[in-house]
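# What the coordinates show
Chain by chain, the residues:
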Amino acid sequence: MSLLADLVAGARADAAARREALPLARLEALAAAAAPPLDALAHLRPADTVKILAEVKRASPSRGSLAEIADPAALAATYETSGASAISVLTEGRRFLGSLDDLRAVRAAVSVPVLRKDFLVEEYQLLEARAAGADLILLIVAALDQPTLQRLFDFTAALGMTALVETHDAGEVERALEVGARIVGVNARDLSTFELDQDLFGRLADRIPGSVIRVAESAVRTATDVAHYRRAGADVVLVGEALVTGDPARTLQEFLAA
């Protein structure tokens, strides 16, 4: 089993366990009662300078533990005051040590859009995201067949949220555009091998229309890396590890100035 398949299987099992504790009908009521989602497209729309999607990330399968992050809300607030346009929250618990509680805490602490970043493969998980206050959710093309990708994309829109559709090659970019994605991410990290290719974004950027927000993901350690992605056409750069392992405010400000 590939690492991606293992992560998806774990996410399914964890969602099934949560469904036992919180039945669908109750979750639907909580999602309907949540405050309306923010307009993520407006916050991430292309501008004269790069925008940063700053991530609350405790660990990863490739690097292990990164930071304890005892107070994700405080970290997210620092991101916002330092110029982040949106906040990404890892909610996967097995390998990334995140939770929906992290998402709820961050949503209560910031006024910019919040992304639930997880291995989302069913509607129940999208309802969880909305009930916890998410404005954006991640859909990974490599984890979904095309009918499922379209169904989840449409359900995301029906809930008022926006999908960041993540891709890793030209065929996946085509699939993302086919479902109507308005925000397309290119992840430099291969989710089967976890190897990095920082030039992948540049090879795929021209395949993404200018009307679609382009997000570069992974392989960001320095301001030079942010500048590299910006020159290649990135509107937004997703950054996690470099922020949580250093001084988040100073690092974020350096990245925004790149």
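Residues numbered from 1 in each chain as written. Predicted model: local features only at pLDDT ≥ 70, side-chain atom pairs only at ≥ 80, totals over all residues. Heavy atoms only, no water.

## Overview of the layout of surface pockets
- The volume enclosed by the largest pocket comes to roughly 470 Å³.
- In terms of lining, the largest pocket is formed by 28 residues, of which the most central are E55, K57, K117, R189 and S218.
- Of all the secondary structure elements, the ones that give two or more residues to the lining of the largest pocket are β6 (136–140), β10 (236–239) and α11 (241–244).
- For the lining of the largest pocket, a count of residues per class yields 13 nonpolar, six polar and nine charged. (1 Å grid on protein atoms, 1.4 Å probe; cavity = no way out; pocket = protein on both sides within 12 Å on 5 of 7 lines; lining within 4 Å. Points joined across faces, edges and corners; volume = space filled by probe spheres on them. Helix = DSSP H or I, 4+ residues; strand = E, 2+ residues; numbered from the N terminus. Nonpolar A, V, L, I, M, F, W, Y, C, P; charged D, E, K, R; others polar.)

## What about the packing of helix α4 (residues 72–81) against helix α12 (residues 248–256)?
- Put simply, α4 and α12 touch, their axes get as near as 9 Å, and they point 35° apart. At the point where α4 passes α12, the crossing takes the right-handed sense. Taking contact as the criterion, the partners of L75, T78 and Y79 in α4 are, on α12, P248, A249 and L252.
- Classifying every residue of the contact of α4 with α12 by side-chain character gives five nonpolar, one polar and no charged. (Axes fitted to C-alpha atoms, helices over the stretch in contact; angles between N-to-C directions. Left-handed = near helix turned anticlockwise from the far one by under 90°. Contact = heavy atoms within 4.5 Å.)

## Topic: unusual backbone geometry
- Of note in the backbone geometry, L97 takes a positive phi value of approximately 60° without being a glycine.
- Looking at where L97 falls in the secondary structure, it is placed in the loop between β4 (86–90) and α5 (100–109).
- Looking at L97, the relative accessible area reads 42%, which means it is partly exposed.
- Unusually for a residue other than glycine, S218 sits at a positive phi of about 75°.
- Secondary-structure assignment places S218 in the loop between β9 (213–217) and α10 (223–231). (Buried < 20%, exposed > 50% of the residue type's maximum accessible area, 1.4 Å probe, protein only.)

## Comments concerning the sheet that holds β4
- One closed barrel holds the eight strands; their spatial order is β1-β4-β5-β6-β7-β8-β9-β10, and the pairing between them is parallel. On average, each strand axis in the sheet is tilted by 25° relative to the strand beside it, whichever way the strands run. (Pairing = 2+ DSSP bridges.)

## Side note on the pattern of salt bridges
- Overall, the coordinates contain 14 salt bridges when judged by the stated rule.
- The residue E122 makes a salt bridge to R12 at a minimum N-O spacing of 3.9 Å. Residue E122 is located in the loop between β5 (114–117) and α6 (123–131), and its partner R12 is located in helix α1 (residues 3–21); the two are separated by 110 residues in the primary sequence.
- By relative accessible area, E122 is classed as buried at 14%.
- Given a relative accessible area of 41%, R12 falls into the partly exposed group.
- Counted as one network, the salt bridges with shared partners bring together R18, R116, D118 and E128. (Salt bridge = Lys/Arg side-chain N within 4 Å of Asp/Glu carboxyl O.)

## Re the pairing of strand β7 (residues 162–167)
- For β7, the tally of buried residues reaches six of six residues, placing the bulk of the element in the interior.
- Of the two faces of β7, the one carrying T162, L164 and E166 and the one carrying A163, V165 and T167 are both buried.
- In the sheet, β6 pairs with β7 via five bridges, with the strands oriented parallel. The residue bridging I140 from the neighbouring strand is E166, located in β7.
- Crossover β6 to β7 through helix α7 (residues 146–158) is right-handed. (Right-handed = clockwise from strand over helix to strand, strands pointing away.)

That is the geometry; function is a separate question.
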